[in-house]
Amino acid sequence: MFKCKTVWNKLAPLARASSTLCLQNARKSALRHGRRLEMVQKAQMSSGPAGGGGENTLYYVLIGATCLGTGVYAYRTVSGDKERYNERMIEIGSRPKQGPQAAEAVAKVVTESKEEPVAEEPTLTEPPAEEPLVTEAVVESTETEPAAEAPVTEPIVEASIPEPTVENTIREPVVEASVTEPVAEAPAVAQSEEPLAPVVESEPTPVIIAECVPEASSVSESGKTADSKAAPAAEPVEPTAAPSDVPEHAPYLLIGGGTASFAAARSIRARDPGARVLIVTEESDLPYMRPPLSKELWFSDDPKVIETLRFKQWNGKERSIYFQPPSFYVSPADLAKVENGGVAVLTGRKVVHMDVRGNKVTLSDGAEISYEKCLIATGGVPRNLQVIDRAGEEVMKRTTLFRKIEDFRSLEKISREVKSITIIGGGFLGSELACALGRRSTDVGLEVIQMFPEKGNMGKVLPEYLSNWTTEKVRKEGVSVITDALVKNVTYKNDKLEIKLKDGRLFKTDHIVAAVGLEPSMELAKSAGLEVDSDFGGYRVNAELQARSNIWVAGDAACFYDINLGRRRVEHHDHAVVSGRLAGENMTGASKPYWHQSMFWSDLGPDVGYEAIGIVDSSLPTVGVFAKATAKDTPKAATEQSGTGIRSESETEAVAGALTAETTATPPPIQQEEDYGKGVIFYLRDQVVVGIVLWNVFNRMPIARKIIKDGEQHADLNEVAKLFNIHED
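Counting restarts for each chain: residues are numbered from 1 in the order of the written sequence. Confidence filtering applies because this is a predicted model: local features only for residues at pLDDT of at least 70, side-chain atom pairs given and counted only at 80 or more, and all residues used for totals across whole chains, interfaces and linings. Note: side-chain values were computed over all heavy atoms of the structure, leaving out hydrogens and water.

## Quick look at the nonpolar core
Short version of the rule: Each nonpolar core is a collection of buried residues, namely Ala, Val, Leu, Ile, Met, Phe, Trp, Tyr and Cys, held together in the definition by side-chain atoms within 4.5 Å. Relative accessible area decides the class of each residue, using a 1.4 Å probe on protein chains only: under 20% of the type maximum gives buried, over 50% gives exposed, and in between gives partly exposed. Throughout, a contact is declared for two residues whenever any of their heavy atoms are within 4.5 Å.
Within the largest apolar cluster, 128 residues are counted, with the highest numbers of intra-cluster contacts made by M354, F682, I692, W695 and F724. Not counting residues up to four positions away in its chain, the partners in contact with F724 are V680, F682, I692, L694, V697, R700, I703, A704 and I707. I388, A485, L497 and I499 belong to the second largest nonpolar core, which has 15 residues in total.

## Focus on the packing of aromatic side chains
Here the distance between the centres and the angle between the planes together describe a pair of aromatic rings. Selection criterion: Aromatic rings from Phe, Tyr and Trp, taking only the six-membered ring of Trp, are treated as a pair when their centres fall within 6.5 Å; an angle between ring planes under 30 degrees marks them as stacked, one over 60 as edge-to-face, and anything in between as tilted. A run of DSSP states H or I qualifies as a helix once it reaches four residues; a run of E qualifies as a strand once it reaches two. Both are numbered from the N-terminal end.
Enumeration over the complete set of coordinates arrives at twelve aromatic pairs. Note on W298 and F408: the rings are 5.2 Å apart at their centroids and 85 degrees apart in plane angle, and the pair reads as edge-to-face. Of this pair, W298 sits in the loop between β2 (276-280) and α7 (305-308) while F408 is found in helix α10 (residues 405-414), placing the two residues 110 residues apart along the sequence. In this pair, the class of W298 matches that of F408, namely buried. Seen in terms of ring centroids, F428 and Y610 are 6.3 Å apart; in terms of plane orientation they differ by 40 degrees. Their pairing is tilted. Within this pair, whereas F428 is found in helix α11 (residues 428-444), its partner Y610 is found in strand β25 (residues 609-614), the two being separated by 182 residues in sequence. Under the relative-accessibility criterion, Y610 is labelled buried at 0%. The rings of F428, W469, F600, Y610 and W695 are connected pair by pair, giving a single aromatic cluster.

## Some details on the side chain of T470
Its location among the elements puts T470 in helix α12 (residues 464-476). Residue classification places T470 among the buried residues on the basis of a relative accessible area of 0%. For T470, the residues in contact, after removing those within four places along its chain, are N457, M458, L462, L604 and W695.

## A short note on α12
It helps to recall that an α-helix has 3.6 residues per turn; residues three or four apart then point in one direction. As a reminder, the rule being used: Here a helix's expected span is defined as the number of its residues, less one, multiplied by 1.5 Å.
For α12, built from 13 residues, the straight-helix expectation of 18 Å at 1.5 Å per residue is met to within 8% by its first-to-last C-alpha distance of 19 Å. Within the sequence span of α12, burial applies to Y465, L466, S467, W469, T470, T471 and V474. Looking at the packing, one finds that the buried side of α12 touches α11, β12 (447-451), β13 (479-482), β26 (622-627), β27 (678-685) and β28 (688-695).

## A word on the pattern of salt bridges
Quick note on the threshold: A side-chain nitrogen of Lys or Arg and a carboxyl oxygen of Asp or Glu constitute a salt bridge if their distance falls within 4 Å.
Across all of its chains, the model carries 26 salt bridges by this definition. Close ionic contact of E432 with K295 constitutes a salt bridge, the shortest N to O distance being 3.2 Å. With E432 in helix α11 and K295 in the loop between β2 and α7, the pair connects residues that are 137 residues apart, well separated along the chain. Assessed through its relative accessible area of 5%, E432 is described here as buried. In this structure, the salt-bridge partner of R540 is D533, at a minimum N-O distance of 2.4 Å. Exposure remark for D533: the relative accessible area of 5% places this residue in the buried category. Connected via shared salt-bridge partners are D245, R349 and D365.

## Focus on the sheet that holds strand β17 (residues 511-514)
For clarity, the cut-off: Any two strands with at least two DSSP bridges between them are considered paired. Every axis corresponds to a line fitted to the C-alpha atoms, with the helix fit spanning only the stretch in contact, and the corresponding angles, defined between N-to-C directions, vary from 0 to 180 degrees.
Read from one edge of the open sheet, five strands run β10-β17-β11-β12-β13, paired in parallel fashion. Single-partner strands in this sheet number two, and they are β10 (399-401) and β13. Neighbour-to-neighbour, the strand axes of this sheet turn through a mean angle of 20 degrees, independent of strand direction. Judged from the three bridges that link them, β10 and β17 form a sheet pairing that is parallel.

## Description of a positive patch on the surface
The condition is simple: For patches, a residue must show more than 30% relative accessible area and have no salt bridge; joins then use 9 Å for like charges and 5 Å for nonpolar side chains, namely Val, Leu, Ile, Met, Phe, Trp and Tyr. Reported accessibility uses the Shrake-Rupley method at a 1.4 Å probe radius. Residues are deemed covered only where the shown protein chains occlude them. For the charge count, each Lys or Arg is scored as positive and each Asp or Glu as negative, with His and the chain ends excluded. Taken as the charge location is NZ of Lys, CZ of Arg, CG of Asp or CD of Glu.
A cluster of like positive charges, contributed by K488, K493, K500 and K502, occupies part of the molecular surface. Within the element layout of this structure, K488 appears in strand β14 (residues 487-493). Residue K488 is classed as partly exposed on the basis of its relative accessible area, which comes to 45%.

## What to know about the pairing of strand β11 (residues 420-424)
With five of its five residues buried, β11 lies for the most part within the structure. Of the two faces of β11, the one carrying S420, T422 and I424 and the one carrying I421 and I423 are both buried. Pairing of β11 with β12 involves five bridges; the strand directions are parallel. Within β12, the position partnered with I423 by the bridge is Q450. Pairing between β11 and β17: four bridges, direction parallel. By the bridge assignment for β17, T422 is matched with I512.

## Points about the pairing of β2
For β2, the tally of buried residues reaches four of five residues, placing the bulk of the element in the interior. Alignment of strand β1 (residues 249-255) against β2, held across four bridges, turns out to be parallel. Its bridge partner lying in β2, L254 is registered against I279. One ladder, built from five bridges, connects β2 with strand β5 (residues 342-346); its direction is parallel. Its bridge partner lying in β5, V280 is registered against L346.

This is the structure in structure tokens:
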């Protein structure tokens, strides 16, 4: 309408000027041609050149078309604005989450729009300019306003919805809504049972924005609630609460329940008596020692040994495989409450994710535990042969990967039920289990077979002559030892496992024990962003066993730097004890470097045993000095003298100073064909001793440790052997 007026104001002066020009031209033409003026009057309003009349018609057509187009545009604009505004009001009124204030405002606007005609308001407003006010509104309602209850038949000219402020919001948690999304696609929101009273303006309350996720059953395919009135009241979504036995925070968190973790816990408590230590272990057992699983437990006379897990040491004393009884530990749920702290063990849980920035871990059940200091002592998992992995389910069901208490219990039971067991592997574990099972073979009628690719037992560790001698010793225990054996495939036929070697030999057995090494557990490396050693495996740590500023690693999973022997990773009990103890000290601020040379030992029954330290690799040059053994040169006699079955627990650095080399002359070395009763084997690299094996020589490990630490070249190792007093009676 206003646009038409504007156009008319611009065109009127032109029309008047054109009319005047036409009149003047008509009068001049009449004078020349003698025509009457009445005839020329018809040329008024012409905008064309003098003497024509067709242009006047064109002028009227243009003016009429302009007025008509302006009118049509004005009508469509008003109609469109009316329809859009009405649709907007209907949309706001039909939202599922509306408050009393907004509902009243919409009703008021609709009512006023019905009573006031459009003609009374000449000025048009543009509804899009009002949208920001609606977009920011946060409201609640007990019932949804249906769209049908708010019809708008007349154009709504103007409406204002107050912008929400802190004063006019709702006390209860509200849902943040966006008007830009269709109502049909919005998730259903549970409605409250009673109207929520608005907050008084004098008592402002901050708005709480919470996500409300509807139940799957209450939402139809179109996104609308099936029954919004029956839905429960909307509540803020709270994080899933951790199980009651899982503490939310642990100042000292130890991941893994083996020897390293227990040693660290004991060390932490020694330096910080009030410390609260939480051990998380995937196993269902409390921390225990692993060596007896392949040694002493197999020689127990107790028929209930698989239940009690108690055994007699070589010294005759009885003890449990567990480091401490259950009464030693506090409940995980009470860890934060006990007055003087303590050690708690969370069994049957696995840490699956580690957030090093947030200082928290996530368990397999979804629970989260925050920490201040953390130790990773996850150990490792037994390796398996690929030919067994690919052999199928029937073969895997009849294969044991020996590592845990449950593996011992299972194999002990199997050994009493089957007729034949084959052990694949000639290292420490394989040779120990072969001797243990061989001892009972005659009593239960069990055939025990041991096969490995080396030429003799522990062929990767011992020099060839000593490995061959050890193999004969194992055979005397009742074991059929198969050397140079490379397994090609394993199949299950006629209720038997058939093991075919690459040289064509075929062996049938009832059960297989795979003892082919350990793979360090490094599942947390990716989520924690920790460095893994590509050569030795395990987490790379610095001299203080640190992987990060507040994360330490100990035990089998730690790849540490040895200042004498270079970077190493050790998989033995003594290393777990010492590295765990040092890590615990450093977690309390000791800042000590790991300079300890850990030892390991193996017993082939109560009569033959050895202890080793450093790098013991049969590929290195070796020098062996042997002497005739006596009755006290056995593992059994050694434990009787030390008073403990775990020899590494009895060793102290003080022994190195107390022991002195004997001054008697050294007898000539025993030849290889003789019986190797006891002796010392030196492993050399660049003429320097880097490893020592004490064969049936016990309680002399501090001396061996000092020799390796000195790193000196020795012209005569027979003189060095005197330090171990192997020739004394």
